[in-house]
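Letter by letter, the chains look like this.
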Amino acid sequence: MSAQPSSPHHVLVLNCGSSSLKFAILDAISSEEIISGLAERLGSSSPSIKYKYLGKKYLLELTANQAHKEAIDTLVKLINEQNLASNLIAVGHRVVHGGEHFTKSMLIDDAVIKGITQAATLAPLHGHANLLGIASAQAAFKGLPQVAVFDTAFHQTMEKVAYLYALPYKLYTDYGVRRYGFHGTSHYYVASQTAELLDQPIEQSNFISAHLGNGCSVCAIKNGKSVDTSMGLTPLEGLMMGTRSGDIDPGLFNFLTTQLNYDAQQIDDLLNKQSGLLGISELSNDCRTIEEAAVAGNEKAILALEMFCYRLAKQVAAFMVPLQRLDALIFTGGIGENSDIIRDKVITQLAYLGLDCDNGANLAARFGTQGVISSQHASTKAVVMPTNEEWVIARDAAAIAQEL
Ligand code: ADP
């Protein structure tokens, strides 16, 4: 007799950016993806939704200026047309900023909305989009529990010595100016998966995880907990990224305003949208394009890659201060999961930490494969671990929904 199929644990995961909305329905237990897609250019003259369902890709044009609410309405229509609603048990929202209020995922109620609204002053663009997404989903899925999963929550175990800026203390107490860190869901996920892969308890594991996508951050994980991370009050601090500068001398602000007449918005654009790999290569923010150009001998592309790796290696080395002992360096995100070139360059600069790179294993680790890429002789392991933030959000949302 065949086994009874267990009842589906489908969760709709929503990730609202300022002008985009990523969505997916996945099974919280198996991680199977039922449908996934991206609404982009929301609020512009040509918003659209592309999605993948049953192995096929589709594109829907939205009407000019339509934004998050209309995108969610369109998504709801699609879900109903395809009969996907009846298996849904919860909606999980990725919320970028949880401030100091939220140390774990929360069932969304009025108090949680208030907390998210307060934290939104620290990240207005993202916070506003997250709140819009929550309001639209609450209206569309009235009976379903809605759960907020915070990008900052995993880092709430950092201590003051790591999270304070050396600024007047009152800026922290009165306005919450401190380092929060982001990509927490990803750092948490890849650390726990790596502990499993290496067959060691996460509570006794010291890892440094490098999430390298369009945004990049490193996290120092001591005995399974985040003790430091490279992003700060906003996702601009730390590593060199696709279009973000990462660390700079704050004295640059004075130079840009007094010498070049920049205003606050122009400085924000410069640091967030025109810098990083794009700024140095003067070519692209896309790592693949830069790697191809570097192979063809483009000097700025070569420099962009060298800088990216040098700054990353420097940050990893700095995190040996809180960790003292390192079990594994983990690579994840689009670049971390795919770029053997960057992994090799970073590991080579960190040989004194006991890391090395097995050429064959490094070349083989791409397109979503996980594995150890250091040799058997390495005292510290290098690991490639594909991230799956959507699954963490789905699992948290399902767990909270089932407690109700
Ligand atoms: P996001 O932060 O938007 O989720 P991703 O995690 O998808 O971004 O990462 C995007 C980055 O991954 C881009 O810079 C892209 O060039 C890079 N990337 C994807 N595939 C490869 C590859 N095969 N080799 C090098 N870089 C890659």
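The coordinates are above.
The paragraphs below set out a description of the structure included in this document. (Residues numbered from 1 in each chain as written. Predicted model: local features only at pLDDT ≥ 70, side-chain atom pairs only at ≥ 80, totals over all residues. Heavy atoms only, no water.)

So, on to the site of the ligand. By nearness alone, 14 residues border the ligand, and Asn214, Asp286, Cys287, Arg288 and Gly334 come closest of all. Interatomic distance of 2.9 Å between a side-chain N/O atom of Asn214 and an oxygen atom of the ligand. Between an oxygen atom of the ligand and a main-chain N or O atom of Arg288, the distance comes to 3.2 Å. Protein contacts shield 75% of the accessible area of the ligand, which totals 580 Å² for the unbound molecule. When residues of the shell around the ligand are traced back to their parent elements, those giving at least two are helix 10 (287-295) and helix 13 (333-338). Broken down by element, the residue count for the shell around the ligand peaks at 4 residues, all from helix 13. Tallied by class, the residues present in the shell around the ligand amount to 2 nonpolar, 8 polar and 4 charged. (Near = heavy atom within 4 Å. Polar contact = N/O pair within 3.5 Å; in protein donor to acceptor, adjacent residues only side chain to side chain. Areas by Shrake-Rupley, 256 points an atom, 1.4 Å probe, with all protein chains shown as cover. Helix = DSSP H or I, 4+ residues; strand = E, 2+ residues; numbered from the N terminus. Nonpolar A, V, L, I, M, F, W, Y, C, P; charged D, E, K, R; others polar.)

Further remarks concern the pairing of strand 11 (residues 225-229). Summarising the sheet, strand 10 (residues 216-222) and strand 11 pair through 4 bridges and their orientation is antiparallel. The residue of strand 11 that forms the bridge with Ala220 is Asp228. Connecting strand 10 to the next strand, strand 11, in antiparallel fashion are 2 residues, including Asn223 with a positive phi near 50°. (Pairing = 2+ DSSP bridges.)

Our next topic: the sheet that holds strand 4 (residues 48-53). Ordered in space as 5-4-3-2-1-6-8-7, the 8 strands form an open sheet in which the pairing is mixed. Each edge of the open sheet carries a strand with a single partner, namely strand 5 (56-61) and strand 7 (106-107). Judged from the 6 bridges that link them, strand 4 and strand 5 form a sheet pairing that is antiparallel. Note that in strand 5 the partner of Lys52 across the bridge is Lys57. Seen against the sheet, helix 16 (residues 389-403) touches strand 1 (10-16), strand 2 (21-27), strand 6 (88-95), strand 7 and strand 8 (146-150) and runs at an angle of roughly 125° to strand 6. (Contact = heavy atoms within 4.5 Å. Axes fitted to C-alpha atoms, helices over the stretch in contact; angles between N-to-C directions.)

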